[in-house]
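Chain by chain, the residues run as shown.
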Amino acid sequence: MTGIRTGIGLFSGIDIAGLTDQLIAAERAPANRIESRIANFQAVDAGLQALEANVLTLGTSIATLGQKNTFDSFQVGNSSPGQLTVSTDGSAALGNYAFQTLRLASTEQRLSKGFANSDTQKIGAGSIAISQGGELTTATRLDTFNGGDGIQRGSIRITDRSGSTATVDLSAAFTIDDVLNAINDASGINVTASASGGSLVLTDTSGSTSSNLKVEEVGNGTTASDLGILQSAGANTLTGSEVYYVTQDFTFDQLNDSNGIFKTQGSADLKITAQDGTAIEVNLDSVFSLSELLDAINTQSSNGGKVTASLSNGRLSLTDNTGGAGTLTVEDVNGAKVVNSLGLDNAATGNTLTGDRLLAGIGSRLLRNLNGGQGISTPGQITVTDRTGKTATLDLSGAESLDEVLTAINSAVDDSTLQALSLKARIDANGTGIQIVDTSGATASNLTIADVGGGTTAADLGITVDDAVSSIESGSLSLRHVNATTSLSTYAPDGGPVQTGSFLIIDSAGNQASISISTNAKTIGDVLQRINAATGVQVTASLNDTGDGFVITDDAGGAGTLQIKEVTGNVAAELRILGQGVVGGGGSQEISSRQRTVIDVSADDTLDSLVSKINSTSNDLSASVVNDGSSFNAFRLTLTSRTSGSAGRFVIDTGSLDLGLTTSTTAQDALLQIGSNPATSFLRSSTSNQFDKVGTGINVTVQAVSTTPAQVSITRDSSRVTSALQNFVSAYNSFITTKDTLTKFDATDPTQSGPLQGQGIVLRVETRLNALINHQFGSSGSIRSLSDLGIQVTTGGQLQFDQSVFNDAVASDSESVRSFFLISGAGAADGLSKTLDSLTNTVDGVFTLQRNSIGATIDSMTNRVAEIDALLAIRKERLLQNFINMESAIGAVQSQQSALSALLGNGIASSSGSSK
C-alpha cells in the first residue's frame, strides 16, 4: 500500500503510507534507544576481545619460560675446533674442561697381491671363510691393573745391559699393547717387552753385560712402579711384579675371557651340596660381581656357615665346615650355566673345592675356552725337539692360560745340556691359532712336538708334529666367543638385533614344534632353553664345537630331513638356522648357526666376480677392486670392514687360495684424554670418533690427533630466556597501550571516549597482571620475583626490562634463575600461567564470563527490539487499514453528498420552472 494517495475528501493529496511510517517511527523510539545500547555493548565486547588478545599474547612468552629446554641451552667455547667438536644436552654440567685427541678410529682393511686384470684373470678355486671374533689375544686395558686402580700414565726410563738408555712416553697408553709397542719401538736400546701371566717381562737383546737391565721413573711419576717394572736386574730378563689379578670388584662380564655367566631369572642357578648333605641353592638374579657372589653364597639361608666361599690366588674356593662324610659338590640348576664359567667344575679335595683361574694372563686366553669350550681334555707333559736335536720336556699339566704354554715353549731348555731350544711360539697371522717356528736353520733333526704320559695338550692345541719342517701351525683353536650369554641385540647377520617372531622345527621323524622368540628372549641361552623345552619334537640345541655359534641336532633318527621354517617374521634367518639339516660329525643331522660366512670360489672366478660374491654374501665386510697404478699386476682386491674400530676386526681364512692378503689398515679405537695432565686424567675409547657423555651431558667428536688439549668452557646460554622475557615485557606493554586506548575519557566530547571507559573488568585484569611483577614465587633461591630479574613497572604502568640486572643474576646464580621459573607447582611459569588461565580460560575465565554476560544482554535486547518491531508492524498495518477505511467512508459520504446536492439542485430548478 506504499505510496497510496487520495484525491478526495479529507485526505485529498495526502501520502497515507508515508503518514503511517511517520506515526510508527514515532512509536519506535524505545526500540531505537535499545539498539543504541546494543551498539554500546558491542563496542565493549569488541574492546574486551582486543584486550583479551593482548593478554593471550603473554601466554606465548610464559609457555617458553615454562619449558626446561629454554634454560638448558649452553654456550660452548673451544680453543681447538679443528681437533674436536663439543655438543651438550640439557643436563650438561657448567665448567671448564680439557679434552685431547690421542688417536682416531680406523677401519680394518686388507689388500691382496696384484693381478694383471680384474675381469679375465682367474684367481683359482677354493673357499674363503670370513668371521669376527675368536682371536687369541686381547688388548687388556691398563685400568684393570692393580686391582682396578690402574696406572699413572707418564714416562719411564729403560737402560739395557750395554748401558744405553731410552725414555719411553706412556702418557697415551690405554692397553697393554700400547705399553709393549712403545717399549719395543723405542730407539737406542735393545730391549724386548712381553707379558707373562699377570706381569710384564723385559728381555735384553744387546748381548752385553756391562750394565744392569733397569727401569726408572721419569720425574715424580709412578708409571714404572704401577707397571711392576721399577727394578734393576743383573740378568738378561727382568720379570715385573704381578699387576693383573682378580679382585672381588671384578664383574662376571670381565671373567672367563669375557664370556660371562648364564643365569636363569626367577630361580636358583647354583646348587652347593655340603658334606653333611645340606643343599645350598643360590639365586644369582641380582648378583653381578665376585663380591656379590661370595655374599650370596655365604649368607644363603640354608648355609648358616656350613660352606664358606672365598677368593684366593685368582680362584674361587669353597670350604666345607660341616665335618660330614659326604662329598662337597657344585652343580648348575634350572638350566643355568655358571659352574664352568666360574671355574668351579672341579672335584673337591677333602673339605675344599678350589676352582680354576678366573682370568687368563695379560692379553691372553684361558685354555678351557679353546676348542669351542672343551679346552684341554687331559692336561699333561709334552716334549719339544728343535731341528738341531735339542729336546725339552715341558710340564703343562698346571697350565690354564695360553700364554703359559707359549712362555714354556719359548723358554724351553734341553733336558740334558740345559741349552735353550731354538723355538719361537707365537700367535699365528690370523690371530686364531698358534705357530711354532724353528729358528735354528738346522736340518739335523725333525721338528717334533708330542704328548707324553697320556696327556693330550699338544694334540688338543693342534701342534703335534714329527717332520722335517721348520714350523707347525695349529690352525684355528676355536676360541669360544659365542656363548649362552651372547646378546641377541647384535647376533643377526647384519650385526643388528634378532627380531621377535616364531619358527617351526620339523625333526627327521616328522614331529613338529613351533618356537616363539619374544622380547623376553635376550640371549643365545634363552633361545637354546626355548628349543630344548619344546615338546613334540626330538632335537637338542647346544653351543657348537667351533666356539662361534650353536647347533640344533636331530635326535629322532627318522628317515626324513631336519628342517626349520619361518612361521612369523624372519627370526630363523636372523638366528642363521633357516633351512635343512646336514649330517654332522656325530652321524646325526644338524642345523648350525655360526657367526661365519663361507664363500665358495670356482675355477672361473675373477677378482670382479669374487667381489660380487663377497658383497652379496658377507655382512662383515665390503669388497672392491683398486688399481694401484703399477706397471705390472696393478689390480688388487680390497676388503674393508663394515664396522669401524676394534669391533670391526675380522678374521679371514683363504685356505689354499693364493690371494696374498696383507693388512693395509689395522682396526683401532679412537682415544680421548679427559683432562690436561696425563698423570691425573683418564682415557676413553670409542669404536667411532664419537664419544658420548664424556661428562654429564657432554659429547665430543674427535677430528684430528693433537699434542695439546683443547680447552673447553661450558656456560649457560641465556639468550632464549632473555628473548622470552623481552617478549613478555613487549606483550605486557602492548596490553597497557591497548587498555589506555580503550579506556580513555574525553571530557569535551564524551562520545569520543573509549568503549571500555569505566568498565570495572579492566581494572581487575590490570591489577592481577600488575601484581605478578612483584609477586614472590616459591623458589628458595636468590631470585624470588620478576623484579629480581630486572623487570620493573615504570610510568603509565608500562614495564621496563633491565637486561644488565638479568645478566648479573644469571652470572651469579643461574640455577636460581632456572628454578624460579621451573620449580614444580610454585615457580613463576606456573604462577603466571595460572593467572593467565584465570583471565582467559574459555570456560570460566574473567574475560569469558564478562563477554558471555554482555552477549546475553545483547541477545536479550535484540530479542526485545524484534518484539517491538513485530508489534509495530501489526500497528502499522492496522493504521494503514484504518486510513483506507476512513478514506473509503469519506468517499462514500462525499458521493452521497454529491448525489444529494444534485437532487437538491434539480428540485430547485423544477420549482423555478413551475413558478414561471
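Every residue gets a number counted from 1 within its own chain, in the order that chain's sequence is written. Local features in this predicted model are restricted to residues whose pLDDT is 70 or higher, and side-chain atom pairs enter the listing and the counts only when it is 80 or higher, whereas totals over whole chains, interfaces and linings include all residues. Side-chain descriptors were evaluated using all non-hydrogen atoms of the structure, hydrogens and water having been removed beforehand.

On to the overall build of the protein, then. Put simply, DSSP marks the helices as runs of H or I at least four residues long and the strands as runs of E at least two long, and each gets a number from the N terminus on. Per the secondary structure count, the protein includes 16 helices and 45 strands. Note on method: radius of gyration uses C-alpha positions; expected globular size equals 2.2 Å times residues raised to 0.38. Taking 2.2 N^0.38 as the reference for a compact globule, 916 residues should give roughly 29 Å; the C-alpha atoms of the protein span a radius of gyration of 48 Å, well beyond that estimate. Over its C-alpha atoms, taken along the principal directions, the protein stretches across nearly 200 × 80 × 75 Å. Counting across all 916 residues of the protein, residues that qualify as buried make up 44%. What sets the accessible areas is the Shrake-Rupley method with a 1.4 Å probe; for residues, cover comes only from the shown protein chains. Surface exposure of the protein reaches about 41400 Å², of which carbon and sulfur atoms provide 47%. Counted charges follow a simple rule, with Lys and Arg positive, Asp and Glu negative, and His plus the chain ends left uncounted. Lys charges are placed at NZ, Arg charges at CZ, Asp charges at CG and Glu charges at CD. The protein carries 54 positive and 89 negative side-chain charges, and their two centres are separated by 11 Å. For the exposure calls, accessible area comes from a 1.4 Å probe over protein chains only, and a residue counts as buried if that area is under 20% of its type's maximum, exposed if over 50%, partly exposed in between.

All right, on to the pattern of salt bridges then. By definition here, a salt bridge exists when the distance from a side-chain nitrogen of Lys or Arg to a carboxyl oxygen of Asp or Glu is within 4 Å. Using the criterion set out here, one finds 21 salt bridges in the structure. Between Glu 815 and Arg 716 there is a salt bridge, and its shortest N-O distance comes to 3.6 Å. Of this pair, Glu 815 sits in helix H14 (residues 803-822) while Arg 716 is found in strand E43 (residues 710-716), placing the two residues 99 residues apart along the sequence. Within the structure, one salt-bridge network assembled from shared partners comprises Arg 28, Glu 35 and Asp 869.

Next up on the list: the environment of Asn 677. Within the secondary structure layout, Asn 677 lies in the loop between strand E39 (670-674) and strand E40 (682-686). The sequence separation of Asn 677 and Arg 153 amounts to 524 residues, and the corresponding C-alpha distance is 9.2 Å.

A surface patch of like charges, here negative, comprises Glu 281, Glu 331, Asp 332 and Asp 345. Structurally, the position occupied by Glu 331 is in strand E17 (residues 329-332). Within this analysis, patches are made of residues with over 30% relative accessible area and no salt bridge. Like charges are joined at 9 Å or less; nonpolar side chains (Val, Leu, Ile, Met, Phe, Trp, Tyr) at 5 Å or less.

Positive phi outside glycine occurs at Asn 146, with the angle close to 55°. Along the polypeptide, Asn 146 turns up in the loop between strand E5 (126-131) and strand E6 (155-159). One non-glycine residue, Asn 313, lies in positive phi territory at about 55°. Tracing the sequence through the fold places Asn 313 in the loop between strand E15 (307-312) and strand E16 (315-320). For Asn 313, a relative accessible area of 71% gives the class exposed.

Its location among the elements puts Ser 787 in the loop between helix H13 (760-774) and strand E44 (791-793). What makes Ser 787 buried here is its relative accessible area of 16%. Note on contacts: a residue pair qualifies if any of its non-hydrogen atoms lie within 4.5 Å across the two residues. Setting aside residues up to four positions removed in sequence, Ser 787 forms contacts with Ile 773, Asn 774 and Gln 792.

Moving on, we get to the packing of aromatic side chains. The pairing test for Phe, Tyr and Trp rings, Trp by its six-membered ring, is centres within 6.5 Å, and the orientation test on the planes gives stacked under 30 degrees, edge-to-face over 60, and tilted for anything in between. Applying the stated criterion across every chain, the model contains 8 aromatic pairs. With a centroid separation of 6.0 Å and 5° between ring planes, the pair formed by Tyr 97 and Phe 99 is classed as stacked. For Tyr 97, a relative accessible area of 21% translates into the label partly exposed. Since its relative accessible area comes to 1%, Phe 99 is described here as buried. Among the aromatic side chains, those forming a connected cluster through ring pairs are Phe 71, Phe 777, Phe 820 and Phe 821. Between the NZ or CZ atom of Arg 576 and the centre of the ring of Tyr 491, over which it lies, the distance is 5.1 Å. A positively charged side chain is recorded as over a ring if its NZ (Lys) or CZ (Arg) lies within 6 Å of the ring centre. The angle to the ring normal must also be within 35 degrees.

Paired strands, as defined in this entry, are two strands with at least two bridges between them according to DSSP. The sheet contact formed by strand E26 (residues 501-506) and strand E30 (residues 563-568) spans 5 bridges and is antiparallel. Across the sheet, Ile 505 pairs through a bridge with Ile 564, a residue of E30. In the sheet, E30 pairs with strand E31 (residues 579-580) via 2 bridges, with the strands oriented antiparallel. Among the inter-strand pairings, Gln 563 is bridged to a residue of E31, identified as Gln 580.

Burial of strand E27 (residues 512-517) is one-sided: the residues Ala 513, Ile 515 and Ile 517 facing one way are buried, the residues Gln 512, Ser 514 and Ser 516 facing the other way are not. Judged from the 6 bridges that link them, E26 and E27 form a sheet pairing that is antiparallel. For Ile 505, the partnering residue across the bridge sits in E27 and is Ala 513. Hairpin remark: E26 followed by E27, antiparallel, with 5 residues in the connecting loop; positive phi at Gly 510, about 90°.

Assignment of secondary structure puts Ser 61 in helix H2 (residues 29-65). Judged by its relative accessible area of 4%, Ser 61 is buried. Ser 61 has contacts with Ala 724, Asn 727 and Phe 728, leaving out every residue within four places of it along the chain.

Interaxial angles span 0 to 180 degrees and are taken between N-to-C directions of axes, which are lines fitted to C-alpha atoms, for helices over the stretch in contact. Between helix H12 (residues 719-742) and H13, the shortest axis-to-axis distance is 12 Å and the interhelical angle comes to 155°. In terms of their interaxial angle, H12 and H13 are classed as roughly antiparallel. Here H12 and H13 pass one another in a crossing that is left-handed. Here Phe 728, Tyr 732, Phe 735, Ile 736 and Lys 739 of H12 lie close against H13, whose contacting residues are Val 762, Val 765, Glu 766, Leu 769, Asn 770 and Ile 773. In these notes the angle categories are as follows: under 35 degrees is roughly parallel, over 145 is roughly antiparallel, 65 to 115 is roughly perpendicular, and the rest is oblique. Less than a right angle of anticlockwise turn of the near helix away from the far helix marks a crossing as left-handed, whereas a clockwise turn marks it as right-handed.

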